[in-house]
Amino acid sequence: MDFVDMLLNRFDGEAELKKTNNALVCFSSLETGKVLSRLATYITQSKLGKSSITLLYFIDKTEEALYSEEMNEYQNRIITDFLSSVNREKITVRLFIKASDDHHADIMKISEEQNCNLVLLGVSNSDFHPGLIKKYSQLKNDPVNSETSILGQFQEREAATLKSINALFSRNTVSTGLFMDSGIMELRKIFIPLLHNADVHIFTYLYQIARKENVKIMVWDAIGIIQSEPKMQKFYQFIVKKSEGRVSLWDNDKKIGCDFIQEQDLILIGTEGWNKLICTPLQWTNSLPSTLIIKEKIN
């Protein structure tokens, strides 16, 4: 069974929307964590089962000492601030605040303990510029470059973050996403480039997000899979119908410009499509808004 068939089976009778989802949202910046948590509620909501969101907030040793005596109060304040509008009868929310020497190990440990089927890691461009991910991905695409030589081209802190991100994606036992926060304020305009056949899993998240009101989603089918593959066309039409016009298809006869990209709040893309995108000479790739890159765990 190919992945398109798997997608169609997921949504047969909207079974995908009835399953229980457990997401782990990891971050070091409260602002990034707040936005990513809101996005997580969009893609974990379930019609029947009660889903959960576990927040993992990484702090430094100084902050840990500062809040040690009032940690419970601090945790409650963060949860209330992050997810005040969430229907807590449908989504269980828990928070871990941790001073960690090994982010990847702690993410894996808590993901397993909480039985998560989705892990989202958020990085703020004030701490880690998205251009570093682009540079790393481009170097990684050249088989001549070893991991050691690649990381040697970055500062020590940058290299440590890149190493952790790479480990998270390469060893993922569940669906995994990297959220690069460029100061997103709203989640209204979303752009989804489809650049590789392996990234059709993005439509799972597209459908979940498209159910939210006041959202406009533009899909760029650069590989023409929706028109050329009858199953994908059927699936896309299903999503358009269910989303009540919130999803549109980019006209490939038109050129995508920087102005259009800068109007977007979020780019949602698969890992294969991302690796392809950052190697293209398209000018607008230097003007990317906040971006969520997802690697799917195919069962």
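One can find the structure itself at the top, above this paragraph.
Residues numbered from 1 in each chain as written. Predicted model: local features only at pLDDT ≥ 70, side-chain atom pairs only at ≥ 80, totals over all residues. Heavy atoms only, no water.

**Notes on the packing of aromatic side chains**
Scanning all chains against the criterion turns up 10 aromatic pairs. Ring geometry for phenylalanine 203 against phenylalanine 235: centres 6.0 Å apart, planes inclined by 40°, an arrangement best described as tilted. In this pair, phenylalanine 203 is assigned in helix 9 (residues 202-210) and phenylalanine 235 in helix 11 (residues 230-242), connecting sequence segments 32 residues apart. According to the relative accessible area criterion, phenylalanine 203 is buried, its value standing at 1%. By the ring-pair criterion, three or more aromatic residues cluster together here, those being Phe191, Trp220, Trp250, Phe260 and Trp284. The cationic tip of lysine 135 hangs over the ring face of phenylalanine 154; the distance from NZ or CZ to the ring centre is 4.8 Å. (Phe/Tyr/Trp six-rings, centres within 6.5 Å; stacked < 30°, edge-to-face > 60°. Helix = DSSP H or I, 4+ residues; strand = E, 2+ residues; numbered from the N terminus. Buried < 20%, exposed > 50% of the residue type's maximum accessible area, 1.4 Å probe, protein only. Lys NZ or Arg CZ within 6 Å of the ring centre and 35° of its normal.)

**Quick look at the environment of arginine 188**
Take arginine 188: it is sitting in the loop between strand 5 (175-181) and strand 6 (189-194). For arginine 188, a relative accessible area of 39% corresponds to the partly exposed category. Remark: the alpha-carbon pair of arginine 188 and asparagine 214, spanning 26 residues in sequence, is separated by 6.2 Å. Those residues in contact with arginine 188 that sit more than four places away from it in its chain are Asn214, Val215, Lys216 and Asp265. (Contact = heavy atoms within 4.5 Å.)

**Notes on the state of the cysteines**
For the structure on display, the rule yields 0 disulfides. Of the cysteine sulfurs around cysteine 116, a residue in no disulfide, the closest is that of cysteine 26, at 8.3 Å. (Disulfide = S-S within 2.5 Å.)

**What about the side chain of glutamate 296?**
As for its position among the elements, glutamate 296 is in the segment after strand 10 (290-295). For glutamate 296, the side chain forms a polar contact with the side chain of serine 175, separated by 3.0 Å. A distance of 2.8 Å separates the side chain of glutamate 296 from the side chain of tyrosine 205, its partner in a polar contact. (Polar contact = N/O pair within 3.5 Å; in protein donor to acceptor, adjacent residues only side chain to side chain.)

**A short note on helix 6 (residues 130-140)**
By the burial criterion, the buried members of helix 6 are Pro130, Leu132, Ile133, Lys134, Tyr136, Ser137 and Leu139. Here the buried face of helix 6 lies against helix 7 (147-151), helix 8 (156-170), strand 5 and helix 13 (271-277).

**Regarding the nonpolar core**
Counting 54 residues, the largest nonpolar core has Leu55, Phe203, Ile209, Ile217, Val219 and Leu268 as its most contacted members. Considering every element that reaches this core, the biggest residue donor is helix 9, with 7 residues. Those residues within four positions of isoleucine 209 in sequence are excluded, and the remaining contacts are Leu39, Tyr42, Ile43, Ile190, Val215, Ile217 and Leu268. The next biggest cluster of nonpolar side chains, apart from the first, holds 43 residues, and it includes Leu139, Leu151, Leu162 and Ile278. (Core = buried A, V, L, I, M, F, W, Y, C linked by side-chain atoms within 4.5 Å.)

**Structural notes on unusual backbone geometry**
When glycine is set aside, most residues are seen to have a negative phi, and most peptide bonds are trans. The residue asparagine 115 is not glycine, and still its phi comes out positive at about 55°. With respect to the helices and strands, the residue asparagine 115 is situated in the loop between helix 5 (103-113) and strand 4 (118-124). Asparagine 115 gets classed as exposed once you look at its relative accessible area, which sits at 57%. Look at glutamate 244: it is not a glycine, yet its phi comes out positive at around 55°.

**A few points about the environment of isoleucine 278**
Following the sequence through the fold, isoleucine 278 ends up in the loop between helix 13 and strand 10. On the basis of relative accessible area, isoleucine 278 is assigned to the buried category, the value being 1%. Here isoleucine 278 is in contact with Lys134, Ser137, Gln138 and Asn141, once residues within four sequence places are set aside.

**Overview of the side chain of asparagine 22**
Tracing the sequence through the fold places asparagine 22 in strand 1 (residues 22-27). Under the relative-accessibility criterion, asparagine 22 is labelled buried at 13%. Within the structure, the side chain of asparagine 22 is placed 3.3 Å from the backbone oxygen of asparagine 115, a separation counted as a polar contact. When near neighbours in sequence (up to four residues on either side) are disregarded, asparagine 22 contacts Ser51, Ser52, Gln114, Asn115, Cys116, Asn117 and Leu118.

**Some words on the pattern of salt bridges**
Enumeration over the complete set of coordinates arrives at 5 salt bridges. In this structure, the salt-bridge partner of aspartate 81 is lysine 34, at a minimum N-O distance of 3.2 Å. Here the residue aspartate 81 occupies a position in helix 4 (residues 71-82), and lysine 34 occupies one in helix 2 (residues 30-44), the gap between them amounting to 47 residues. The class for aspartate 81 is partly exposed, based on a relative accessible area of 42%. In this structure, the salt-bridge partner of arginine 77 is glutamate 73, at a minimum N-O distance of 3.7 Å. (Salt bridge = Lys/Arg side-chain N within 4 Å of Asp/Glu carboxyl O.)

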